4 protein chains.
Amino acid sequence: MGIRVAVAGASGYAGGELLRLIAGHPHLELATATGFAQAGSTIATVHPHVRSFRDVVLAPTGPEALADADLVFLALPHGESAALAAQLPESVKVVDIGADFRLRSAAEWEQYYSGPHAGTWTYGLPELPGQRERIAASTRVANTGCYAVTTILALAPLIAAGVADPEDVVVVAASGTSGAGRSAKQHLLASEVMGSMSPYKVGAHQHVPEIKQASGARTLSMTPILAPMPRGILATVTARALTGADPREVLAAAYDGEPFVHVLPAGQWPQTGATLGSNSAHLQATVDVDSGRIVVVSATDNLVKGAAGQAVQNANIMLGLPEVAGLAVDGIAP
Amino acid sequence: MGIRVAVAGASGYAGGELLRLIAGHPHLELATATGFAQAGSTIATVHPHVRSFRDVVLAPTGPEALADADLVFLALPHGESAALAAQLPESVKVVDIGADFRLRSAAEWEQYYSGPHAGTWTYGLPELPGQRERIAASTRVANTGCYAVTTILALAPLIAAGVADPEDVVVVAASGTSGAGRSAKQHLLASEVMGSMSPYKVGAHQHVPEIKQASGARTLSMTPILAPMPRGILATVTARALTGADPREVLAAAYDGEPFVHVLPAGQWPQTGATLGSNSAHLQATVDVDSGRIVVVSATDNLVKGAAGQAVQNANIMLGLPEVAGLAVDGIAP
Amino acid sequence: MGIRVAVAGASGYAGGELLRLIAGHPHLELATATGFAQAGSTIATVHPHVRSFRDVVLAPTGPEALADADLVFLALPHGESAALAAQLPESVKVVDIGADFRLRSAAEWEQYYSGPHAGTWTYGLPELPGQRERIAASTRVANTGCYAVTTILALAPLIAAGVADPEDVVVVAASGTSGAGRSAKQHLLASEVMGSMSPYKVGAHQHVPEIKQASGARTLSMTPILAPMPRGILATVTARALTGADPREVLAAAYDGEPFVHVLPAGQWPQTGATLGSNSAHLQATVDVDSGRIVVVSATDNLVKGAAGQAVQNANIMLGLPEVAGLAVDGIAP
Amino acid sequence: MGIRVAVAGASGYAGGELLRLIAGHPHLELATATGFAQAGSTIATVHPHVRSFRDVVLAPTGPEALADADLVFLALPHGESAALAAQLPESVKVVDIGADFRLRSAAEWEQYYSGPHAGTWTYGLPELPGQRERIAASTRVANTGCYAVTTILALAPLIAAGVADPEDVVVVAASGTSGAGRSAKQHLLASEVMGSMSPYKVGAHQHVPEIKQASGARTLSMTPILAPMPRGILATVTARALTGADPREVLAAAYDGEPFVHVLPAGQWPQTGATLGSNSAHLQATVDVDSGRIVVVSATDNLVKGAAGQAVQNANIMLGLPEVAGLAVDGIAP
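Residues numbered from 1 in each chain as written. Chains lettered and ligands numbered in written order. Predicted model: local features only at pLDDT ≥ 70, side-chain atom pairs only at ≥ 80, totals over all residues. Heavy atoms only, no water.

1. Remarks on the pairing of strand E2 (residues 28–35) of chain B
Residues and elements named next belong to chain B. Taken across its 8 residues, E2 has 6 buried, putting it largely inside the fold. Two elements, strand E1 (residues 3–8) and E2, share 6 bridges in a ladder whose sense is parallel. Within the sheet, the bridge partner assigned to Arg4 lies in E2 and is Glu29. What joins E1 to E2 is helix H1 (residues 13–23), and the crossover it makes is right-handed. Where E2 and strand E3 (residues 59–60) come together, 2 bridges link them in parallel fashion. (Buried < 20%, exposed > 50% of the residue type's maximum accessible area, 1.4 Å probe, protein only. Helix = DSSP H or I, 4+ residues; strand = E, 2+ residues; numbered from the N terminus. Pairing = 2+ DSSP bridges. Right-handed = clockwise from strand over helix to strand, strands pointing away.)

Structure (structure tokens):
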């Protein structure tokens, strides 16, 4: 008998990915999956790829459907987690995939999101120093944002080591379309996206305060770009060098022994395709010959390390399971 | 201590997929992986997605590297398996991913392939009636072709049941580019393929005799099409109806209980994306209102059910392991 | 001073393509462009690629906006052309991109479309024998469907010559996503489409009666497939051979001198990418060695030869302009 | 009788695009097209999309084939233009698409390219102040690099106006695969590219000195990224703001009246898809709220404004033709 987990908001892409990971997890069992407009539908019609749960019917999203699970994953639109979480018993562990509880600063929340700040939960990025232990001791964990985790992994050790300047960090990050969700919007149509790249929210992306909070960056420009691929984030993170240290070596030392963060052999650069379906982040770094800037490139699968896989990793830690259980280190390529 | 398996020809796409599946398999252990031009390279450089084996170095392909494995997967170019297989001890089980030993007819081999016919091994498609038992009793198994397995699963039960006419079967099947291999060829460049569809080998594809042999079709036209996606086969298989039977029901009955063959709910059509990374085939069928032809659509991942996953499924059977061990039923989408 | 043309329904993909072609046409001048929900918007926001008309504002769709044009292109949803066309003066020439007036048979219209049959206009496929003259003499022309024109060009000369059997024709045709229109629908999202192929309307597609009417086919199965590319149709058309004639030679003779229909050199197969942005159809044919079926493959750009380009070609004929004016013979590749 | 132009190196992607543009140009006539390995092949087989020249046979590349043209386009690998150009009579005008003659500094040439510096020709970017006149007076013009032109258009007016800091400019630019050429290389295979993004030449790209020379930037980090699309460059260009000026207004003023450089309406961001097949660059700019950096995004078609279209624009100026002749302002979308 496995540990019983529930997925609230199971009809979206992150929800579907949670279902896939739970189906393949050796210690977790699906208690329930809920939806809004699609409540009453089978998984067979909502996520035809998740054959394991094909006959499961989505329940309506609400505390009654979720309260008897050991752990609940919230995969809800931003701003909708707080109300639901408040209705769950304290004995039920919760991992929130949304943004509601990520930020410490209410002022920053209000600047980048709408509505009041719901509060602050333990930040769910175990590879940060000391964070694994904090997650293990928590019953409420705020999962990382997809751009955020991809950027923070590239940046935090370099700033912590005094190697990269926390001022004037510049990030340009391309994401696959699943990061924009499953709602039918014209600019996300295949016809509009295939063969094209386009930036959005230029000059003010909501992941900026999360990245600064967790990486130590003090000022940061981030330009997100929609790329013609279903999954994957490639973040190019640049910061002024403060020392002559090799940034690759700093990263390699920081992540030595981490199962999911891979600093590639020198000279080999990440490609998002190599992370597909895995919970791995691939990193490489160098110093630009003309400007002297440190350039780090970081690749993840936005639905795994950027969302559902990260959530399962956090849940594993919270539940005392092996941290890697049910998660792939190897991507699917080509 | 797991069962020791080897992969000959590990630098190609099917070889890489075998490595990924072996890394995640609960009962298999990688004895060795071999290459030709890339012998001496690490998996980290050849298959950056297979992090589990990143420090494994490809050995030169030859019997000495392979002979102490319990089972060898041959993922070699067509025509190169026979010579190597002949040098392996009979005690080593072999699954050949190539075409060398699939056909019973030497005449058909010579018509569609070049060089002499090497012989005939047990055909590795366990979902055919009686075939699972034959595979279990074999030490040499010829894995299915990717177009072939996708088409045969759609067609064989309908012909066997007398529902579909074995004469004048028409198949049009689109494949992702990984089916064409990893050799650098101009027509396989991303620039040439993206945004374009193109047929090839029209009028005479080498999978035709394999499909006829295993499905019972007597005459068959198959047009293969290169599609702008890395993986996946979508086969549209049409045959004249001989009775008024519902072809979907015939297929559903034939595959009842099969873990990897999924006849979708009535009205829901397969999409290759839902099979990505899984060993599943998705099927649906109807009768065309104008012509009365039966139309079956079948979707697989050409590198999994069409190659490496099918090979592991066969190996599981040959080794007395659970048939589903190490294989995903659920695809990765989107 | 050019001939004044109007586009009704200019906010969709076919409408946008008409605007692009009109902007580059040496003899046409845009009188007005109309929309429904987007009336009042500039072309700059609706079609950012059509810089030539960036300051043009979409007028509401209605007869008053259109009646003073010399020729009106109707790019409306199926079923909406008839009411609008009835309100246009007879002196205004009309090319309807929709399906309303394509079919001769009211019974077939009612079987495949909804609502009453509006009537029958001259069928706008100039490459059919005698059709160019009929179009020149018409003030009302029904443009071809995209799958239909791609298939008819491949099939009609072979049936007319007695070379291909009109019974039991089998067509499998893949289309880029722009053929499905610009409405925001979940199954057309980039996330759902990229990396995947999926059939739809299997067993009963509404272009079947149009293809039969114009090609002479008597029974026909057509399976349409959504392909991960923005544009292009690749139709694989197979029919039983009635004679030993070389189907390529029959097609080459039929289209000798046609500016937009290109039978490729023997052995070279069409690819949709080579037709992008052009009004050309590329054809090739052979006889399948196993079944003896004739296999013709036909490629077009669904928005040009399949919609807007064909409409301009018809307009050129109706207006007494050079038939090729404003239309590209050469595609854009890669 | 048109002006006679020749294309040396017509078998590659830039060469094919030149052929397409020449075929549609009202004043140019193709004198000859040459190739290396493909000399002797017809255009029909080398560029199946360029139907207009289908029967043209590629001549061997050499001065004898080219010397009687009025103008020669050199579309050769970097480093091969100088030797050929030296053998052409001074009366033959030359536009070199390659890099050989772009840089003023021999030292920078030697740092970023191999071999000796060939010299410096007039830089072929007419939208730079005074450059149109210099091009008109030249018989030898060095065409812009694709990343370079996309970045320079975004940056030069801001530095010239004293609005953007020329120190510490950061550029991240994604390119479609055609920018990497047509040679068959494994990492450019469709299987490797589709669904993936990957950086390359990180820390030292050869367009850096060209961008600095033409834009006034003093230090510059540029990270190029291979994107899963056949064409298009999206450059994200960031620089510290030196004043409170609105960077969009500076750009709009600089390019007022330019036919091919389009500063989009405020708030609308460029997408590469909207430039496909056109000679247009689309620009937008803002100031990042957190860092205060100016962020400019620039989109072009790398084979048109980034190569062949820019070359034709330069040729038009050199030949006294209308600058826009034969070039599309409008892209092809979707």
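2. Let's talk about the packing of helix H1 (residues 13–23) of chain C against helix H11 (residues 304–319) of chain C
All names here are of chain C. For the pair H1 and H11, the least separation of the axes is 9 Å and the interaxial angle reads 45 degrees. As the angle between them shows, H1 and H11 are arranged oblique. As H1 packs across H11, the resulting crossing turns out to be right-handed. Each of Ala14, Glu17, Leu18, Arg20 and Leu21 in H1 lies in contact with H11, whose residues at this interface are Val304, Ala307, Ala308, Gly309, Ala311 and Val312. (Axes fitted to C-alpha atoms, helices over the stretch in contact; angles between N-to-C directions. Parallel < 35°, antiparallel > 145°, perpendicular 65-115°, else oblique. Left-handed = near helix turned anticlockwise from the far one by under 90°. Contact = heavy atoms within 4.5 Å.)

3. Some thoughts on the UniProt feature "domain: Semialdehyde dehydrogenase NAD-binding" (unreviewed entry) in chain A
Within this numbering scheme, the UniProt entry marks residues 4–136 of chain A as carrying the feature "domain: Semialdehyde dehydrogenase NAD-binding" (unreviewed entry). Summarising residues 4–136 of chain A: 29% helix, 20% strand, and an end-to-end C-alpha distance of 18 Å. (UniProt positions renumbered as here; feature names shortened; annotations may be inferred.)

4. Let's talk about unusual backbone geometry
With an omega dihedral of 0 degrees, the bond running from C:Ala333 to C:Pro334 counts as a cis peptide bond. On the secondary structure map, C:Pro334 appears in the segment after H11. Of note in this structure, D:Lys201 is not a glycine but carries a positive phi near 45 degrees. Tracing the backbone through its elements, the reader meets D:Lys201 in the loop between strand E9 (198–199) and helix H9 (208–215). Overall, D:Lys201 belongs to the partly exposed group, its relative accessible area being 43%.

5. What to know about the relation of the copies chain C and chain A
For the match of chain C to chain A, the screw axis carries a shift of 0.0 Å, the RMSD comes to 0.0 Å, and the turn is 180 degrees. The transformation relating the two chain copies, once decomposed into turn and shift, fits a two-fold axis. Of every C-alpha in chain C, the one belonging to C:Ala190 sits nearest the axis of rotation, 1.8 Å from it. Taken as a fraction of all interface residues of chain C, those also at the interface in chain A reach 100%, which identifies the copy contact as same-surface. (Least-squares fit on C-alpha atoms with pLDDT ≥ 70 in both.)

6. Focus on empty space enclosed by the protein
Tallied over the full model, the rule gives 3 cavities of 30 Å³ or more. Considering only enclosed or pocket space, the largest cavity measures out at about 70 Å³ in volume. Only strand E8 (169–175) of chain B together with strand E8 (169–175) of chain C provide two or more residues apiece to the lining of the largest cavity. In the lining of the largest cavity, the residues fall into 12 nonpolar, no polar and no charged. Roughly 50 Å³ of internal volume is contained in the second largest cavity. Contributions of two or more residues to the lining of the second largest cavity are made by strand E8 (169–175) of chain A together with strand E8 (169–175) of chain D. Looking at the lining of the second largest cavity, its residues break down into 12 nonpolar, no polar and no charged. (1 Å grid on protein atoms, 1.4 Å probe; cavity = no way out; pocket = protein on both sides within 12 Å on 5 of 7 lines; lining within 4 Å. Points joined across faces, edges and corners; volume = space filled by probe spheres on them. Nonpolar A, V, L, I, M, F, W, Y, C, P; charged D, E, K, R; others polar.)

7. A few points about the environment of C:Thr144
Residue and element names in this part refer to chain C. Residue position: Thr144 is located in the loop between strand E7 (140–143) and helix H7 (146–160). Residues Thr144 and Ile97, spaced 47 residues apart in sequence, show a C-alpha to C-alpha distance of 7.2 Å. Each residue touching Thr144, except ones within four places of it in the same chain, is listed here: Arg102, Tyr123, Gly124, Leu125, Val149, Glu210, Lys305, Gly306 and Gln310.

8. Thoughts on the interface of chain A and chain D
Across the boundary between the two partners, chain A contributes 46 residues, which contact 46 residues of chain D. Summed over both partners, the interface of chain A with chain D buries about 3,500 Å², with 61% contributed by carbon and sulfur atoms. Ranking the residues of chain A by area buried against chain D places A:Met197, A:Val202 and A:Asp290 at the top, with a combined share of 17%. Across the chain A-chain D interface, the total number found is 6 salt bridges. On the surface where chain A and chain D come into contact, there are 14 residue pairs in polar contact (both at pLDDT 80 or more). Counting only elements with at least two residues in the side of chain A that touches chain D, the list comes to E8, helix H8 (190–193), strand E9 (198–199), helix H9 (208–215), strand E10 (220–226), strand E11 (233–240) and strand E14 (293–300) of chain A. At 5 residues, E10(A) tops the list of elements feeding residues into the side of chain A that touches chain D. For the side of chain A that touches chain D, the per-class residue count stands at 22 nonpolar, 15 polar and 9 charged. (Buried area = accessible area lost by both parts, 1.4 Å probe. Salt bridge = Lys/Arg side-chain N within 4 Å of Asp/Glu carboxyl O. Polar contact = N/O pair within 3.5 Å; in protein donor to acceptor, adjacent residues only side chain to side chain.)

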